[in-house]
Amino acid sequence: DAKTTQPNSMESNEEEPVHLPCNHSTISGTDYIHWYRQLPSQGPEYVIHGLTSNVNNRMASLAIAEDRKSSTLILHRATLRDAAVYYCILRGNYGGATNKLIFGTGTLLAVQP
Amino acid sequence: GAGVSQSPRYKVAKRGQDVALRCDPISGHVSLFWYQQALGQGPEFLTYFQNEAQLDKSGLPSDRFFAERPEGSVSTLKIQRTQQEDSAVYLCASSPRLAGGTGELFFGEGSRLTVL
């Protein structure tokens, strides 16, 4: 499975935008880019995913580089409740038994009031 | 609620005891995953079920770990002769999709196991 590289930690101020980077230089053509986040003492929570085009949903936006070797999760206005570990994960679309998410160590986002 | 439910939320076991952790996935979800999360680390894959079939158990760390999902709904993760290194949060996730890269996984809150 292709690996991702994320900064260990980032800080943001409340109500400001946050850009969380992820490098995935060995991504394959069929790998989807998924983002999950994990709030303290909770299980991971799906945020967004994409393949080639930028994606928007109610939680965040995902900007994918043209060569797909990097992506950025964008939180448009950070709140204190966005403080969490954010995981960038590549997931193949094999249509078979290999269907798992491989988590790294993620980026710990701290949001200051 | 209608989310993934795990029990017990907390379990303390003495070294050498057997433990069983239960996962109730979202109704109708065909895919079920177990993950192990050590303190300060990301979740690590243990095993995957498609309905009642265990299609991938490559992440189970030893033969002391056993998982089942006999009727394709509720799953149990059993750890025999627990060791201190088994202390972790065990997460269960389910998905309505059979396979593929686009499906969202829904995680439970986890079962925190402490082995003394």
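See the structure shown above.
Here's what I pulled together on the structure shown here. (Residues numbered from 1 in each chain as written. Chains lettered and ligands numbered in written order. Predicted model: local features only at pLDDT ≥ 70, side-chain atom pairs only at ≥ 80, totals over all residues. Heavy atoms only, no water.)

What about the pattern of salt bridges?
Residues and elements named next belong to chain A. Here the structure, examined in full by the defined rule, presents seven salt bridges over all chains. In this structure, Glu15 and Arg77 form a salt bridge, with 3.4 Å as the shortest nitrogen-oxygen distance. With Glu15 in the loop between strand 1 (9-13) and strand 2 (18-23) and Arg77 in the loop between strand 7 (70-75) and strand 8 (84-91), the pair connects residues that are 62 residues apart, well separated along the chain. No difference in accessibility class separates Glu15 from Arg77, as the two residues are exposed. Of the charged contacts in the structure, one is a salt bridge between Arg37 and Glu45, with a shortest N-O distance of 2.9 Å. In the salt-bridge network here, residues are joined through shared partners; they are Arg37, Glu45 and Asp82. (Salt bridge = Lys/Arg side-chain N within 4 Å of Asp/Glu carboxyl O. Helix = DSSP H or I, 4+ residues; strand = E, 2+ residues; numbered from the N terminus. Buried < 20%, exposed > 50% of the residue type's maximum accessible area, 1.4 Å probe, protein only.)

A closer look at the state of the cysteines
Throughout the structure, instances matching the rule amount to two disulfides over all chains. Two residues, A:Cys22 and A:Cys88, share a disulfide whose sulfurs are 2.1 Å apart. The sign of the S-S torsion, about -85°, decides the handedness of the disulfide formed by A:Cys22 and A:Cys88: left-handed. You can see A:Cys22 sitting in strand 2 and its partner A:Cys88 sitting in strand 8, a full 66 residues away along the chain. For the pair A:Cys22 and A:Cys88, one class covers both residues: buried. Between the sulfur atoms of B:Cys23 and its disulfide partner B:Cys92 the distance amounts to 1.9 Å. (Disulfide = S-S within 2.5 Å.)

From the geometry alone we can't say anything about function, so treat these as descriptive.
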